[in-house]
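Architecture and fold: a report
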Amino acid sequence: MTSVTEPGESGDSTDERRAAVIGELDNVGRDSSTVAVMFHSAIAAKQGLGATDMKAIDLLQRHGPLTAKELGERSGLAPASVTGLVDRLERRGYLRRVPHPTDKRRVLIELCEQPVDTELVPLFEDWAREVHSHYEDFSTEELETVIRFLRGSTARQRALAARLDAE
């Protein structure tokens, strides 16, 4: 009969298995990160954009109009970098600056839907089909665990990026 130890308890075979799983998770996470950067860079290059440009567009798609400060906080970019990014994407017709509806001293950055919908969205359709098909390989509970893991690791990476930017 095999005994199972709980997290934090000692058990040689369980500790070895956990170490092996964590090592594999580290490697798979690095592979995933690399492929994500390469995928987004390839899509961006097709449009003459950078990967940072694409992620800024993604943030605005998901969160709606943001101030430059909010875009910087969500992206981890320094204020000067946000200004350059917004200028670049505005020139290309992907976004525009609009007055804030309640505070006339502030400006919101919003997407211009037409170029995003016609030029960028089609480039992601195959990936969306593939990943949604992959979801079918997992139970709802497993997907909830993946969500919990990704939220936790994303929050930690965001915090580290902010610390690095502050240095």
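Here goes a summary of the coordinates provided. (Residues numbered from 1 in each chain as written. Predicted model: local features only at pLDDT ≥ 70, side-chain atom pairs only at ≥ 80, totals over all residues. Heavy atoms only, no water.)

1. As for the packing of aromatic side chains
This structure, assessed with the given rule, holds two aromatic pairs. Ring plane angle 75° and centroid distance 5.8 Å describe the contact between Phe39 and Phe124, whose orientation is recorded as edge-to-face. Of the two residues, Phe39 sits in helix 1 (residues 12-46) while Phe124 sits in helix 5 (residues 113-135), which places them 85 residues apart along the sequence. For Phe124, a relative accessible area of 22% puts it in the partly exposed group. Consider the rings of Phe39 and Trp127, whose centres lie 6.1 Å apart with planes at 55°: the pair is tilted. One end of the pair, Phe39, is in helix 1; the other, Trp127, is in helix 5, and 88 residues separate them in sequence. Among the residues examined, Phe39 registers a relative accessible area of 29% and is labelled partly exposed. Among the aromatic residues, those joined into a cluster by ring pairs are Phe39, Phe124 and Trp127. (Phe/Tyr/Trp six-rings, centres within 6.5 Å; stacked < 30°, edge-to-face > 60°. Helix = DSSP H or I, 4+ residues; strand = E, 2+ residues; numbered from the N terminus. Buried < 20%, exposed > 50% of the residue type's maximum accessible area, 1.4 Å probe, protein only.)

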